[in-house]
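# What the coordinates show
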Amino acid sequence: MRVPLSWLREYVDLPATETGRDVQEKLVSAGLEVETVEQLGADLKGPLVVGQVLTIEELEGFKKPIRFCTVDVGRANGTGEPQEIVCGARNFAVGDKVVVVLPGATLPGGFSISARKTYGKTSHGMICSADELGMGDDGTHGIIVLPPEHEVGTDAVELLQLVDEVLDIAVTPDRGYCLSIRGVAREAAIAYGRPLLDPALLDVPAPNAFGHPVKITDPFGCDRFTARTVTGLDPEARSPIWLRRRLQKAGMRPISLAVDITNYVMLELGQPLHAYDRSRVQGAIGVRRAERGEQLTTLDGVTRTLSAEDLVITDDRGPIGLAGVMGGANTEIDDTEGTTTEVVVEAAHFDPVAVARTARRHKLTSEASRRFERGVDPQAASAAAQRTVDLLVLLAGGTAEAGVTEITAPAAPRTIAIPADHPDKVAGVTYGRETVVRRLQQVGCDVYGQDELIVTVPSWRPDLTDPNDLAEEVIRLEGYENLPSTLPRPLPGRGLTARQRLHRRVGRALAGAGYVEAPNYPFIGEAVLDQLGLDADDPRRTVVTLVNPLSDEEPALRTTLLPGLLGALRRNDGRGSHDLALFETGLVFRPTGQERAAVRLPADRRPAADQLAALDAALPRQPRRAAVVLAGAREQAGWWGKGRPSDWADAIEAARTVAREAGVELSIRADRHAPWHPGRCAALYAEVDGAETLVGHAGELHPRVVKAMHLPERTCAMEIDLDLLQRAGDGVARAPRISAFPVATQDVALVVDKPVPAVEVEAALREGAGELLESLRLFDVYENAEQLGDGRKSLAYALRFRAPDRTLTVDEASAARDAAVALAAERTGAELRS
């Protein structure tokens, strides 16, 4: 909503020193989103005057028509002599009044005017168009031709209202009343503590039986309809300059006098109106639902096939307009022919939901629909119709007929009961009853009661429906900036849950390991599941589909974290970042097929435990997971030595890093699981509730997946279930134990058959070494048929032994090592390499 400050001042007596920036600050403090303050004419400098064309000489021999004109500008040029001006426009004639800018002036954009020679003549100034003066689209092309009543030499800057400030307000859906000068003026009046000169306070004649007949068959869709008739209009009458300029500043294009007046009143009062050429309306005006398949040609020239849910305006022929959206072409006021002398003015109140659905169904958004969707004051319809009639009589010489049609559906005012201290509890500030009552009355509410207030909501605030809405009004008018910044005081024993603590620890651990967090939207489509190579019966293909997705290409909730992470990796790689290590923690959605229909919870009280349980039963299973993806170099090359690329082992190590935060030791086994490479895929197991359970997978992605998703070669990934890890752990983060005694290191090289997994050898060594073993690390894998034999490999481990209470002897460390080797030999057939 664009609000000219000069227009706003008509209804609020703002201090003369207040600028648009000052008003912006006040309105922002009151909760309105004033995005910008446009300074119109800030760099405009005169002389800019009204002139009258005396002569026109057509100059020949040029590529385009050029005219040499003499213009009477009175004494504005200091001499009183006609001003000689060269002009290329052709929409004016001798005797026309035009806008002339004289040498020494500056036009918007810093364009300085001086006498200059052009086309063989000297031009002493310019005859101006609307664009050159920064007036915007005025509906015409070429030079501004003024009405003949303006005197020569008059200051055109003031006449055309070229200097002003315009506030551009982004009106939120709950503030529909601010889509009008009246609504913004109300907020400004409250902010400055000044009275509001309400433009809707007009003397309106009582309805009678002599107005234009109206028949409403859908009172729910239209609960109020006012019709007034004006006759004897001058078809040659045009909108005056002040009216056209206010429309232009508010962002609307002047069209014709009758249409301009309805638009002006809509901007002023917030009530959309429509004017019908009475000679083109046949019979009574009606409001009903459309019949399926009916057609209507709207004012934009498009023939639309109507739905049975569309609310339409009709006459005896059928639909003549989409209610609250746009009128029909068959009753349009045709200004080009100049034949309209009688108009019927419609001011109605339509159901916001019906208007919104019609506008979206036909992809037809209008200024009227924007207002009806957000809530229009139904009590303002009569005043808006009267204001329109008054302007038609004043500016077009018409006569208002005595007939007044007004049809209203009975409706009681909405009341809300609210404790007087409720805003205090919401804000954590003591306002007191007097402040609460005063602020609610400023909003327009009627307030009664002492400790329990009975508040009657004004008709222009349909968004006020419960006590919290009223509390918000008090708080915003008292100033959000005046709320103290106090931290909440949690009760003892409250804080992060074990699940939340694990989530945070995992994030910190992965970040410390060099991974960058990359949160993604939780939406996927069928195409990405195909790219991952999932089988038709893979449970990850069973998804929860959204009713109203943000994108038709991603209509479902994710069942795995990998699609989002791999998409982020692909985008970053395409933008030049080739060494990548990304991670994400979050929920996936795995429906079981046992979900029930969701129940509607009450809004006036806390739901009961069984209601909350029923709501939980309607949700799919939502396990929390962690995932990483890697590509490029894991260690950079430099003066310190060679780097190395990331590989499947790094993905497995990321899983171990996550598991350590849960206090869990993972078991690693080879596996075949999409989307991983069949020979470089590890299944991750942990002991959950006494049973070994699969908790995730890690490794290198399948080459077909890499190709389908346009990923870097040898991309690796890991995904693990944090909820299962939490159940597997003891829930307590263990601090590392630091011993003051020295460590004893023993290295062993064991020869085993190639199919034997290193993890099995490691598990046997750990168990056989006993409590003295502090750590175990595989530092070398060696294969040589000549030395080891066919199908054999050597695994070299570094074993660190330490006692918590003494220094170990060589014999103790050797005995622990020998016990470890013996158990490994027994379980895996390992032999100690000489």
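Below or above, wherever it landed, is the structure these notes cover. Predicted model only: the values in this text are computed from it and were never measured.

## Observations regarding the packing of helix H11 (residues 433-443) against helix H12 (residues 467-478)
Packed helix pairs are characterised by how far apart their axes lie and by the angle those axes make with each other. Remark: H11 packs on H12, axes separated minimally by 9 Å, with the N-to-C direction vectors making an angle of 95 degrees. Looking at the two axes, H11 sits roughly perpendicular to H12. Contacts between H11 and H12 involve Thr435, Val436, Arg438, Arg439, Leu440, Gln442 and Val443 on the former and, on the latter, Leu470, Glu473, Val474, Leu477 and Glu478. Classifying every residue of the contact of H11 with H12 by side-chain character gives six nonpolar, two polar and four charged.

## Comments concerning the sheet that holds strand E26 (residues 446-448)
The strands making up a sheet are joined through hydrogen bonds of the backbone, oriented either antiparallel or parallel. In space, the three strands of this open sheet follow the order E25-E27-E26, with antiparallel pairing throughout. The sheet is open, and its two borders are formed by strand E25 (415-419) and E26, each paired with just one other strand. Averaged over all adjacent pairs, the angle separating strand axes in this sheet is 25 degrees, with direction ignored. Inspection of the sheet shows E26 paired to strand E27 (residues 452-456) by three bridges, in the antiparallel sense.

## Brief notes about the side chain of Arg288
Checked against the element boundaries, Arg288 lands in strand E17 (residues 285-289). There is a polar contact of 3.0 Å between the side chain of Arg288 and the side chain of Glu294. With residues near it in sequence (within four places) discarded, Arg288 still touches Thr217, Asp218, Glu294, Asp310, Leu311, Val312, Thr314, Gly318 and Pro319.

## Remarks on the layout of surface pockets
Its boundaries defined by the atoms lining it, the second largest pocket holds a volume of some 910 Å³. If you trace the second largest pocket, you find 36 residues lining it, with Ile255, Val259, Asn263, His274 and Leu299 closest to the centre. Counting residues per element, the ones that place at least two in the lining of the second largest pocket are helix H6 (257-269), strand E16 (273-277), strand E21 (318-322), strand E22 (326-327), strand E23 (343-350) and helix H8 (367-374). Here the residues of the lining of the second largest pocket are counted per class, giving 19 nonpolar, 10 polar and seven charged.

## Focus: the pattern of salt bridges
Inspection of every chain in the model, using the stated rule, returns 54 salt bridges. Between Arg541 and Asp530 there is a salt bridge, and its shortest N-O distance comes to 2.8 Å. Here Arg541 is found in the loop between helix H14 (526-531) and strand E30 (556-557), whereas its partner Asp530 is found in helix H14, with 11 residues between them in sequence. Judged by its relative accessible area of 17%, Arg541 is buried. Of the residues examined, Asp530 reaches a relative accessible area of 45% and is grouped as partly exposed. When the shortest N-O distance is used, the salt bridge between Glu767 and Arg827 registers 2.8 Å. Note that Glu767 is positioned in helix H20 (residues 758-769) and Arg827 in helix H22 (residues 810-828), a separation of 60 residues in sequence. Within the structure, one salt-bridge network assembled from shared partners comprises Glu187, Arg461, Asp463, Glu473 and Arg476.

Calculation criteria
- In this numbering scheme, every chain counts its residues from 1 along its sequence in written order.
- Residues qualify for local features only when their pLDDT is at least 70, as the model is predicted, and side-chain atom pairs are given and counted only at 80 or more; totals for whole chains, interfaces and linings, by contrast, use all residues.
- Side-chain numbers come from the whole structure's heavy atoms, not from hydrogens or water.
- Lines fitted to C-alpha atoms define the axes, with helix axes restricted to the stretch in contact, and inter-axis angles between N-to-C directions lie between 0 and 180 degrees.
- Working definition: helices are DSSP H or I runs of at least four residues, strands are E runs of at least two. Numbering for both runs from the N terminus.
- In what follows, roughly perpendicular refers to angles from 65 to 115 degrees, roughly parallel to angles under 35, roughly antiparallel to angles over 145, and oblique to any angle outside these ranges.
- Should any heavy atoms of two residues lie within 4.5 Å, those residues are considered in contact.
- Each residue is assigned to one of three groups, with Ala, Val, Leu, Ile, Met, Phe, Trp, Tyr, Cys and Pro labelled nonpolar, Asp, Glu, Lys and Arg labelled charged, and all others, Gly among them, labelled polar.
- One requirement defines pairing of two strands: DSSP has to find at least two bridges between them.
- Identification of polar contacts relies on pairs of N or O atoms within 3.5 Å, with a donor-acceptor requirement for protein atoms, meaning one able to donate a hydrogen and the other able to accept it, and with residues adjacent in sequence counted only if both atoms are side-chain atoms.
- Put simply, the grid is 1 Å and covers the protein atoms alone, a cavity is a trapped set of points that fit a 1.4 Å probe, a pocket is an open set with protein on both sides within 12 Å along at least five of seven lines, and lining residues have an atom within 4 Å of a point.
- Grid points are joined across faces, edges and corners, and a volume is the space filled by probe spheres set on the points.
- Here, a salt bridge means any side-chain nitrogen of Lys or Arg that lies within 4 Å of a carboxyl oxygen of Asp or Glu.
- Buried, partly exposed and exposed residues are distinguished by accessible area as a fraction of the type maximum, computed with a 1.4 Å probe on protein chains only: under 20%, between the cut-offs, and over 50%, respectively.

Purely spatial values, then, with no claim about function.
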